[in-house]
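Overview (structure and organization)
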Amino acid sequence: MPITTAFKTEIPRVSILDEHATFDEKLGKGLIPDADLVKLYEAMFQCRHLDGVAFRLQRSGRMGTYPQNMGQEATSLGAAYVLNKNDWLVTCYRENCGLFWRGVPMESILLHWMGDERGNAMPREHHATPIAVPIGTQMLHATGLAWAAKYRGEKQIACTFFGDGATSEGDFHEAANFAANLDIPVVFVCQNNFWAISVPGRIQCSAPTLAQRGIAYGMPCMQVDGNDIFATVYAMKEASAHARKEGKPYFLEMVTYRLGDHTTADDASRYRDKAEVEAWKAKDPLIRVRKHMERLKLWSDKKEADLLERTEKTVAEAVARAENIAAPHSTDFFNAMYQELPPDLALQRDTMQTHSLGQDPGQLASTDHLNKPAEHAHH
Ligand SMILES: Cc1ncc(C[n+]2csc(CCOP(=O)(O)OP(=O)(O)O)c2C)c(N)n1
Ligand SMILES: [Mg+2]
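The model shown is predicted, which means the values in this text are computed figures rather than measured ones.

What counts and what doesn't
- Residues numbered from 1 in each chain as written.
- Chains lettered and ligands numbered in written order.
- Predicted model: local features only at pLDDT ≥ 70, side-chain atom pairs only at ≥ 80, totals over all residues.
- Domains from an automatic or database assignment.
- Helix = DSSP H or I, 4+ residues; strand = E, 2+ residues; numbered from the N terminus.
- Buried ≥ 20, exposed ≤ 12 C-beta atoms within 10 Å, placed from the backbone.
- Pairing = 2+ DSSP bridges.
- Right-handed = clockwise from strand over helix to strand, strands pointing away.
- Expected span 1.5 Å × (residues − 1).
- Axes fitted to C-alpha atoms, helices over the stretch in contact; angles between N-to-C directions.
- Parallel < 35°, antiparallel > 145°, perpendicular 65-115°, else oblique.
- Left-handed = near helix turned anticlockwise from the far one by under 90°.
- Contact = placed C-beta atoms within 7 Å.
- Nonpolar A, V, L, I, M, F, W, Y, C, P; charged D, E, K, R; others polar.

Taken domain by domain, the chain holds domain 1 (13-323) and domain 2 (337-378). Each of domain 1 and domain 2 was reduced to a C-alpha centroid, and the two centroids are 47 Å apart.

The backbone of His 127 sits at a positive phi, close to 50°, despite the residue not being glycine. Relative to the assigned elements, His 127 resides in the loop between α5 (106-113) and α6 (137-151). Its 21 C-beta neighbours within 10 Å are what place His 127 among the buried residues. One non-glycine residue with positive phi stands out, namely Ile 197, at about 50°. If you trace the backbone, Ile 197 turns up in the loop between β5 (195-196) and β6 (199-200). Judged by C-beta crowding, with 13 C-beta atoms within 10 Å, Ile 197 ranks as partly exposed.

This part covers the sheet that holds strand β8 (residues 250-255). Paired through backbone hydrogen bonds, the strands of a sheet run either parallel or antiparallel to each other. Strand order in the open sheet formed by 6 strands is β1-β7-β8-β4-β3-β2, and the pairing between neighbours is parallel. Pairing within the sheet leaves two strands with one partner each, and these edge strands are β1 (13-14) and β2 (88-90). Looking at chain direction, strand β3 (residues 158-163) and strand β4 (residues 186-192) are connected through 6 bridges and run parallel. Each bridged residue has a counterpart across the sheet, and for Thr 160 the counterpart in β4 is Phe 188.

The next subject is the pairing of β4. Looking along a regular strand, one sees the side chains alternate between the two faces of the sheet. Burial analysis of β4 places 7 of its 7 residues in the buried class, the great majority of the element. Running through helix α7 (residues 170-181), the crossover from β3 to the neighbouring parallel element β4 is right-handed.

Here helix α9 (residues 229-246) is 18 residues long and its end C-alpha atoms lie 25 Å apart, about the 26 Å a rise of 1.5 Å per residue gives. In the segment just after α9, Gly 247 is the residue with positive phi, at about 70°.

Each pair of packed helices gets described by two things: the angle between the helix axes and the distance between those axes. Two elements in contact, helix α3 (residues 73-82) and α9, have axes separated by 8 Å at closest approach and are oriented at 45°. Relative to α9, the element α3 is oriented oblique. As for the relative orientation of α3 and α9, their crossing is right-handed in sense. Residues Ala 74, Thr 75, Leu 77, Gly 78, Ala 79, Tyr 81 and Val 82 of α3 lie in contact with α9, whose contacting residues are Ile 229, Thr 232, Val 233, Met 236, Lys 237 and Ser 240. Per-class residue counts for the contact of α3 with α9 are 8 nonpolar, 4 polar and 1 charged.

Attention now moves to the pairing of β8. Of all the 6 residues making up β8, 6 are buried; the element is thus mostly covered by neighbouring parts of the structure. The alternating pattern of β8 places Tyr 250, Leu 252 and Met 254 on one face and Phe 251, Glu 253 and Val 255 on the opposite face, and all of these are buried. Direction of pairing for β4 relative to β8: parallel, over a ladder of 6 bridges. Across the sheet, Phe 188 pairs through a bridge with Phe 251, a residue of β8. The sheet contact formed by strand β7 (residues 221-225) and β8 spans 5 bridges and is parallel. Among the inter-strand pairings, Met 222 is bridged to a residue of β8, identified as Leu 252. Tracing the backbone out of β7, into α9 and back to the parallel element β8 gives a crossover that is right-handed.

Below is the structure:
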């Protein structure tokens, strides 16, 4: 028998507004209405500004560790722009832009990184899950959420974001295999920024693209210029339409770069070449959109200056709201996890409100019991 081909495929790559601000009319025309393009640019600008403010808050001791999003704004924004209001957006920690587009308040993100649990209580109507710092867990959550929607017969998909490094976690492979085999409508978005803290992507995956990881599980996939808002919108439209129509997953590799350190606890200059960073600065997702808008007479220096003024105010107000929030009550943390608190936890919560050192609120440690009726003493 001659050797035949068992399987052959190609991975499409989409780029519409490239790093030189050259625009592909054929793919890009009508994709994003002008008015929306302006709003998308403003959203990226605001997110970028927040990054600078957050960095200074951390350095002056007003915030804990913070991961800057700088350079990656167009990835999650493209997804959030395309998703329906009731779809799930299940992120890690570099998707502020998409979360804000969905309506998540800026102070939720600030509170999270200030160490206040209330930052994780995303308002329910935005269908966004808390920021996932444990690498990879959120891909399983997204698969579960979309599975539940399918089970209930709801026309709802989930979109989850994760890094290149996260594709080395077992959680990724479990989520991808499960979603593909059980026909679950999840859009998996890998943000390939070439680094997992100081570990370069090339020693993390030997395949030439990460998109291939989707093929391995039987998902259609696409590689996307993740710094191009037109490309991320285009790809998300394809992927979400597939998930919605076929009820099946789709894999997108969005190629991007974090221009900042991994987090404020990192110094990327210790492991990244300056030349590499400079090359990516030229591919900044904001610069090309601004050039494109100027060409279309949608933008000007005056508009940019006005935007800066508005943005400074918006961010300063969000910081003030986050910093001035009233302190939580000591028992508040019992309230987030369960609809109805199990009895043992209810007992712990009640105990915390007495002066008792033990597990039982009836077991009082102070002299209070001397003032209680006798029957209580027997209890
Ligand atoms: C389970 C787990 N292991 C290790 C870490 C520490 N950690 C935080 S971010 C990170 C690298 C993630 O790289 P990648 O998935 O490429 O995401 P990026 O930050 O580049 O977007 C690691 C190892 C963690 N948060 N969770
Ligand atoms: Mg990475």
